[in-house]
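# Structural overview for review
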Amino acid sequence: LKLGQYAEQLIRCVIQDVADVGKYFFAGLAVFLAAGIFSALAVKVRGENGKRIKGCLGTAVMAGYLCMLLFITFLSREPGSRGGIDWILLSTLGSGPRGDAFVLENVLLFIPFGVLLPAVSVKMRRFGRTFGEGCILSLFIECCQFITKRGYAQTDDVITNALGTALGYLCFRIFFHFFTKKAVENGR
């Protein structure tokens, strides 16, 4: 395949997969909205700048994301429909447009985790902690998929999810730096 044709097929695969799980996006969005409304109603604002409301909304966004992740990685698949373990490193990458789409989707799937975790928890603002939690979550998903036969347990998935977490953390650090710099400039 020529590069242009390959890229077109890759993009089609990603769009098809996104459309297939689109309904789970809306389920996660509904959970996010419900959690956000509940948090806003349940918590009284204390202190300056409404810090407690911001924290609750961040937690609600994280809850919505985790629900979407649950839907995408488990509930969108029939129990017993897939099984097996693939220990070969990077076996999916380069296997064609469909396999490369899976690689790209796994990276994209964990970018929000890398952004949201340090945004919600001050303890997770170090790269090693966020990256470690992303790896643990990915391993947990792979083990659960293997046990329930709702997905193939693949080392590629753990690697690409970890890469997505790292990219998300990088985005968090850039935004965090930008917004704290703006806050300092506006405080002068």
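The structure under discussion appears in the preceding block.
This write-up is about the structure you can find in this document.

## Quick look at the packing of helix α1 (residues 3-20) against helix α4 (residues 97-120)
Their axes nearest at 8 Å, the elements α1 and α4 cross at an angle of 55°. The orientation of α1 with respect to α4, classified from their angle, is oblique. α4 is crossed by α1, and the crossing has right-handed handedness. Between α1 and α4, the residues in contact are Tyr6, Gln9, Leu10, Cys13, Val14, Gln16 and Asp17 and Pro97, Arg98, Asp100, Ala101, Phe102, Leu104 and Glu105, respectively.

## Details of the side chain of asparagine 161
With respect to the element layout, asparagine 161 can be found in helix α6 (residues 155-187). Residue asparagine 161 is classed as buried on the basis of its relative accessible area of 3%. Setting aside chain neighbours within four positions, we find asparagine 161 in contact with Asn106, Phe110 and Ser138.

## Focus: a nonpolar patch on the surface
Together, Leu163, Leu167, Leu170, Ile174, Phe175, Phe178 and Phe179 make up a nonpolar patch on the protein surface, roughly 700 Å² of accessible area in all. Here leucine 170 shows up in helix α6. The exposure class assigned to leucine 170 is partly exposed, which follows from its relative accessible area of 47%.

## Structural notes on the environment of leucine 117
Mapped onto the elements, leucine 117 comes out in helix α4. Taking relative accessible area as the criterion, leucine 117 reaches 14% and is therefore assigned buried. For leucine 117 and tyrosine 169, which are 52 residues apart along the polypeptide, the C-alpha to C-alpha distance reads 8.5 Å. Once residues lying within four places of it in the same chain are set aside, the contact partners of leucine 117 are Met62, Met124, Thr130 and Glu133.

## Focus on the pattern of salt bridges
According to the stated counting rule, one finds 1 salt bridge in the structure shown. Between arginine 12 and glutamate 8 there is a salt bridge, with the nearest N and O atoms lying 2.3 Å from each other. Taken together, the residues arginine 12 and glutamate 8, both in helix α1 and 4 residues apart, mark about one turn of the helix. A residue is classified by how much of its surface remains accessible, and glutamate 8, at 42% relative accessible area, is partly exposed.

Definitions and limits used
Residues numbered from 1 in each chain as written. Predicted model: local features only at pLDDT ≥ 70, side-chain atom pairs only at ≥ 80, totals over all residues. Heavy atoms only, no water. Axes fitted to C-alpha atoms, helices over the stretch in contact; angles between N-to-C directions. Helix = DSSP H or I, 4+ residues; strand = E, 2+ residues; numbered from the N terminus. Parallel < 35°, antiparallel > 145°, perpendicular 65-115°, else oblique. Left-handed = near helix turned anticlockwise from the far one by under 90°. Contact = heavy atoms within 4.5 Å. Buried < 20%, exposed > 50% of the residue type's maximum accessible area, 1.4 Å probe, protein only. Patch = residues over 30% accessible without salt bridge, like charges linked within 9 Å, V, L, I, M, F, W, Y side chains within 5 Å. Areas by Shrake-Rupley, 256 points an atom, 1.4 Å probe, with all protein chains shown as cover. Salt bridge = Lys/Arg side-chain N within 4 Å of Asp/Glu carboxyl O.

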